[in-house]
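Observations on the three-dimensional arrangement
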Amino acid sequence: MHYALTGPGKRLRPVLTLLVADLFGSRGEVVLDVACAVEMVHACSLIFDDLPSMDDAQRRRGRPTVHLAHGEDVALLAGLALLNRAYALVAEGAQRLALRRYTSEDMIHHLAAAIGTGGLIGGQALDLASRPEDMDLSLLEYIHSHKTGALFMAAGELGAMAADAKRRDLEVISRYAKNLGLAFQISDDLLDVLATPEETGKDTGKDAGKATFVKLLGVDGARTLAAELLGFAVESLVPLGKKAEPLRELARFVELRGR
Ligand code: GRG
């Protein structure tokens, strides 16, 4: 668990949780716990995604993948333990926050829904079941808005909930995070063909036999789609005014990543 969590990753999802909570006036130890829970779910998803039965990846965050460093048995247990710890942290955190608008159940349910068959797991299952020749843009968008986008959405939404944000502000964050998440996946597809393993810290060229945004649209088309989605993300922040600037910065970071 420690190995998976402490590798030099970008911490993009927990940063999103913290930025959103801060935007709505909440910071501190409890919000940090909620953000850590989000990163634990992400770390679990990376462990599982890298397993020989899934992507069979050798490197992650510049180091051997968890199953190569510690064995497949330990990798499975570490992933499950991270996932369970994440739920516990959100439950404890929500209780300590004693929010007016959201219950602890609301937050746990939100996280569970983002991970389950309507989220990461569903997206991954569909990805595994799809043949490259059957893939079109709408199926690819569906897969990645679940496999990758759902955790970005949960990261933003849990940040808003932890800060007791109004329901309409929560919806603004959902829209922003949905578009940011999909754009991030496109930047990931771009890096798979444009960057070196040293730059990304993981195997590149892994998507060679798969349908990706770059395969379907080409490098320029994928960049255009990512820019369009980031445009939607930034546009959805209009009701929040100037205080949403850190989220605009985050969108710029994702755009530059795919350049
Ligand atoms: C039970 C949580 C859980 C998941 C099971 C395996 C699986 C279902 C889903 C896979 C989801 C996945 C790994 C999607 C890819 C998302 C992606 C682009 C990961 C790379 O994220 P970065 O670049 O990684 O933010 P770092 O290392 O920087 O954190």
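Relevant structure appears above.
Residues numbered from 1 in each chain as written. Predicted model: local features only at pLDDT ≥ 70, side-chain atom pairs only at ≥ 80, totals over all residues. Heavy atoms only, no water.

Quick word on the site of the ligand
So the rule is basically this: Working definition: residue near molecule or strand if any one of its non-hydrogen atoms lies within 4 Å of it. Here a polar contact is recorded for every N or O atom pair within 3.5 Å, except that within protein the pair must consist of a potential hydrogen donor and a potential acceptor, and residues adjacent in sequence are included only if both atoms are side-chain atoms. Here the open area of atoms and residues is found with the Shrake-Rupley method and a 1.4 Å probe, where only the protein chains shown may cover a residue. Only DSSP runs of H or I reaching four residues or more are called helices, and only runs of E reaching two or more are called strands; each is numbered from the N terminus. Polar here means any residue other than Ala, Val, Leu, Ile, Met, Phe, Trp, Tyr, Cys and Pro, which are nonpolar, and Asp, Glu, Lys and Arg, which are charged; Gly is therefore polar.
The full set close to the ligand counts 21 residues, and Lys10, Arg13, His42, Arg61 and Phe184 are the nearest of them. Within the contact set of the ligand, an oxygen atom lies 2.8 Å away from a side-chain nitrogen or oxygen of Arg13. If the ligand stood free it would expose 760 Å²; the protein chains cover 94% of that surface. Elements that contribute at least two residues to the shell around the ligand include exactly α3 (29-50), α7 (120-129) and α10 (167-194). By residue number, the principal contributor to the shell around the ligand is α3, which donates seven residues. Across the shell around the ligand, the residue classes tally to seven nonpolar, six polar and eight charged.

Some remarks on the packing of aromatic side chains
Defined as follows: Working definition: a ring pair exists when centres of Phe, Tyr or Trp rings (six-membered ring for Trp) sit within 6.5 Å. Plane angles under 30 degrees give stacked, over 60 give edge-to-face, the rest tilted. Categorising residues by exposure relies on relative accessible area from a 1.4 Å probe, with only protein chains included: less than 20% of the type maximum marks a residue as buried, more than 50% marks it as exposed, and the intermediate range marks it as partly exposed. Two conditions define a charge located above a ring, namely a distance within 6 Å from the ring centre to NZ of Lys or CZ of Arg, and an angle within 35 degrees of the ring normal.
Applying the stated criterion across every chain, the model contains one aromatic pair. For the ring pair Phe152 and Phe184, a centre distance of 5.2 Å and an interplane angle of 40° mean the geometry is tilted. Highlighted residues: Phe152 in helix α9 (residues 149-162) and Phe184 in helix α10, separated in sequence by 32 residues. Residue class for Phe152 comes out buried when judged on its relative accessible area of 0%. Its relative accessible area of 6% is what places Phe184 among the buried residues. One cation-aromatic arrangement involves Arg63 over Tyr3; the distance from NZ or CZ to the ring centre is 3.8 Å.

Topic: helix α2 (residues 12-23)
Residues three or four positions apart in an α-helix share a direction because the helix packs 3.6 residues into each turn. For clarity, the threshold we go by: Each helix should span, by expectation, one fewer than its residue count multiplied by 1.5 Å. We call two residues in contact when some of their heavy atoms are within 4.5 Å.
The end-to-end C-alpha distance of α2 is 16 Å, a good match for the 16 Å that twelve residues give at a rise of 1.5 Å each. Taken as a whole, α2 has its buried residues at Leu12, Arg13, Pro14, Leu16, Thr17, Val20, Ala21 and Leu23. Tucked inside the fold, the buried residues of α2 contact α3, α9, α10 and α13 (245-257).

Describing unusual backbone geometry
One non-glycine residue with positive phi stands out, namely Arg11, at about 60°. In this structure, Arg11 sits in the loop between α1 (2-6) and α2. Located in the positive-phi region is Asp56, a residue other than glycine, with phi close to 50°. Tracing the chain through its elements places Asp56 in the loop between α3 and β1 (59-60).

Remarks on the packing of helix α5 (residues 72-97) against helix α6 (residues 104-115)
Filter applied, for reference: Helix axes are fitted to C-alpha atoms over the stretch in contact, other axes to C-alpha atoms as well, and angles between N-to-C directions run from 0 to 180 degrees. With respect to orientation, any angle under 35 degrees is reported as roughly parallel, any angle over 145 as roughly antiparallel, any angle of 65 to 115 as roughly perpendicular, and every other angle as oblique. Should the near helix be turned anticlockwise from the far one by less than a right angle, the crossing is left-handed, and should it be turned clockwise, the crossing is right-handed.
Look at α5 against α6: their axes get within 8 Å of each other, and the N-to-C directions meet at 155°. Taken as axis vectors, α5 and α6 run roughly antiparallel relative to one another. The interaxial crossing formed by α5 with α6 has right-handed handedness. On α6, the residues that touch Leu83, Ala86, Tyr87, Val90, Ala91, Ala94 and Gln95 of α5 are Ser104, Met107, Ile108, Leu111, Ala112 and Ile115.

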